[in-house]
Amino acid sequence: MTTTAIKQTQVSSGSSVREISFDRILFVTGAWALALVWLLPLLYAVWTAIHPSAYETRFDLFAPLTLENFVEAWNAAPFARYFVNTILLVSMILSAQLVLCTLAGFAFARLEFPGKNLLFSLVLLQLMVMPDILIVRNYAAMSSLGLVDTILAIGLPYFASGFAIFLLRQTFKTIPKELDEAARIEGCTLLGLLWRVYVPLAKPTMLAFGLVSVSHHWNNFIWPLIITSSTETRPLTVGLSIFATTDSGIEWSIINAATLITSGPLLIGFLLFQRQFVQSFMRAGIK
């Protein structure tokens, strides 16, 4: 190799290193900017919630700490009832989704029946339909069933998830068919095969979907707001919105305390199980 070629190689390698460093700087800067955009409102909510209302708009490092905002928020609205309603709601939806979608995913992955491809195409079509488009029809259906203002009415439209069916079908199709044959030789029935072979191997996928489902329906707002009208059925999101607009006026310290009360369980759960959360998504193949 000539001296000129060596110099050109050194120049090109040096420029590539500078490009990599510049890209790294842009990536880190962008990541920190997004982190601050997400973190600053949370920090403000925490600050106002644990300090008296006089410090809502000014920062004082030596400001006195207090938990009175949480006590006032809890006593100002029936948050205990809202918590019970929300826990019942997300548990009911997740249980129904896991049962129905596991059966459907197994049928699409391993069984043969007429119209299988057409039905699965309709399942995929559901993924492209926004739930808000169906609010009027869902309300009419719940009204005809006499379920308006019930927790069942909030969850019933979400019992069958096209995303869960697709996800579990893809997971089941990766399981070797030799396991089916071995289980059937041992005298395992079809449901036994599903329960003893497919469900244990699909637990990471089910956990990943469960985290998504609980998070989504814990924070769901539009449909519960429309279908409920009483304290006995309102979930946390609806209860918080009514509390913030009618019960607490403009006391941001109390409003933010109530916000932390409602979002705290999800935030703490994510922080505690962050590693399992990420690992479940990676194992399930969700990008």
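Calculation criteria
- Residues numbered from 1 in each chain as written.
- Predicted model: local features only at pLDDT ≥ 70, side-chain atom pairs only at ≥ 80, totals over all residues.
- Heavy atoms only, no water.
- Helix = DSSP H or I, 4+ residues; strand = E, 2+ residues; numbered from the N terminus.
- Buried < 20%, exposed > 50% of the residue type's maximum accessible area, 1.4 Å probe, protein only.
- Contact = heavy atoms within 4.5 Å.
- Areas by Shrake-Rupley, 256 points an atom, 1.4 Å probe, with all protein chains shown as cover.
- Phe/Tyr/Trp six-rings, centres within 6.5 Å; stacked < 30°, edge-to-face > 60°.
- Polar contact = N/O pair within 3.5 Å; in protein donor to acceptor, adjacent residues only side chain to side chain.
- Core = buried A, V, L, I, M, F, W, Y, C linked by side-chain atoms within 4.5 Å.
- Expected span 1.5 Å × (residues − 1).
- pLDDT = per-residue confidence, 0-100.
- Axes fitted to C-alpha atoms, helices over the stretch in contact; angles between N-to-C directions.
- Parallel < 35°, antiparallel > 145°, perpendicular 65-115°, else oblique.
- Left-handed = near helix turned anticlockwise from the far one by under 90°.

Participant: Honestly, the overall build of the protein in this entry has me stumped. Any pointers?
Facilitator: Looking only at helices and strands, the protein has 14 helices and zero strands in total. Mapped in sequence order, the helices and strands of the protein form the string α-α-α-α-α-α-α-α-α-α-α-α-α-α. In the protein, which comprises 287 residues, the proportion classed as buried is 35%. Contacts in the protein between residues at least 24 apart in sequence constitute 71% of all its contacts with a sequence separation of at least 6. When the accessible surface of the protein is totalled, it reaches about 17700 Å², and 69% of it is carbon and sulfur.

Participant: Mind showing me how you'd approach the packing of aromatic side chains here?
Facilitator: Throughout the structure, instances matching the rule amount to twelve aromatic pairs. Aromatic pair Trp74 and Phe79: ring centres 6.4 Å apart, planes at 25°, arrangement stacked. A residue is classified by how much of its surface remains accessible, and Trp74, at 37% relative accessible area, is partly exposed. A ring pair is formed by Phe79 and Tyr82, whose centres lie 5.8 Å apart and whose planes are at 90°; its orientation type is edge-to-face. On the criterion of helical spacing, the pair formed by Phe79 and Tyr82 is a turn pair, its members being three residues apart in helix α3 (residues 79–110). With respect to burial, Phe79 and Tyr82 carry one shared label: buried. Ring pairing ties together the aromatic residues Trp74, Phe79, Tyr82, Phe83, Trp218 and Phe243, which thus form one cluster.

Participant: Would you take a moment to explain the side chain of His51 for this structure?
Facilitator: Locating His51 in the fold gives a position in the loop between α1 (3–49) and α2 (68–76). His51 gets classed as buried once you look at its relative accessible area, which sits at 3%. A distance of 2.7 Å separates a polar atom in the side chain of His51 from the backbone oxygen of Trp47. Apart from the residues within four sequence positions on either side, His51 is in contact with Ala63, Pro64, Leu65, Thr66, Asn69 and Ser253.

Participant: Just to check I follow, could you spell out the nonpolar core for this structure?
Facilitator: Burial of nonpolar side chains together is a common tendency in soluble globular proteins. With 23 residues, the main nonpolar core has Phe172, Leu193 and Tyr198 as its most contacted residues. Elements represented by at least two residues in this core include exactly α3, α4 (116–126), α7 (162–173), α9 (190–201) and α10 (203–219). Each residue touching Tyr198, except ones within four places of it in the same chain, is listed here: Phe106, Arg110, Phe172, Ile175, Asp180 and Leu193. Residues Ala49, Ala73, Trp218 and Phe243 belong to the second largest nonpolar core, which totals 17 residues.

Participant: What's the story with the environment of Cys101 in this structure? I'm lost.
Facilitator: Inspection of the secondary structure assignment puts Cys101 in helix α3. For the pair Cys101 and Phe166, spaced 65 residues apart in sequence, the C-alpha separation works out to 8.6 Å. Beyond its immediate chain neighbours, meaning those up to four positions away, Cys101 contacts Ala96, Phe159, Ala160, Ser161, Ala164, Ile165 and Leu168.

Participant: Help me understand α7 in this model?
Facilitator: Along an α-helix, a turn takes 3.6 residues, which lines up residues three or four apart on a common side. Compared with the 16 Å implied by 1.5 Å per residue over twelve residues, the 16 Å span of α7 between its first and last C-alpha is a close match. What α7 keeps buried is the set Gly162, Ala164, Ile165, Leu167, Leu168, Arg169, Thr171 and Phe172.

Participant: What should I look at first to understand the side chain of Ser161 in this one?
Facilitator: With respect to the helices, strands and loops of the structure, Ser161 is situated in the loop between α6 (151–155) and α7. In this structure Ser161 comes out as buried when scored by relative accessible area, which is 12%. Reaching out from Ser161, the side chain makes a polar contact with the backbone nitrogen of Ala164 at a distance of 3.2 Å.

Participant: Help me out: how do you make sense of the confidence of the model for the protein in this one?
Facilitator: Low pLDDT means the predicted coordinates in that region are not meant to be read closely. The share of residues in the protein with pLDDT of 70 or more is 87%, and the mean pLDDT across the chain is 83. Mean pLDDT in the protein bottoms out at helix α14 (residues 274–284), which sits at 63, and peaks at α6, which reaches 94.

Participant: I'm lost on the environment of Trp74 in this one. Help?
Facilitator: Its location among the elements puts Trp74 in helix α2. Linking Trp74 and Ala258, residues 184 residues apart in sequence, is a C-alpha distance of 7.1 Å. Those residues in contact with Trp74 that sit more than four places away from it in its chain are Phe79, Ala80, Phe83 and Ile261.

Participant: Teacher, can you tell me more about the packing of helix α8 (residues 177–185) against α9 here?
Facilitator: At a minimum axis distance of 10 Å, the contact between α8 and α9 shows a crossing angle of 135°. The orientation of α8 with respect to α9, classified from their angle, is oblique. Relative to α9, the crossing made by α8 is right-handed. Contacts between α8 and α9 involve Leu179, Asp180, Ala183 and Arg184 from the former and Leu190, Leu193, Val197, Tyr198 and Leu201 from the latter.

Participant: Sorry, what's going on with the environment of Phe163 here?
Facilitator: Relative to the elements of secondary structure, Phe163 occurs in helix α7. Sequence separation between Phe163 and Val123 is 40 residues; the distance between their C-alpha atoms is 8.2 Å.

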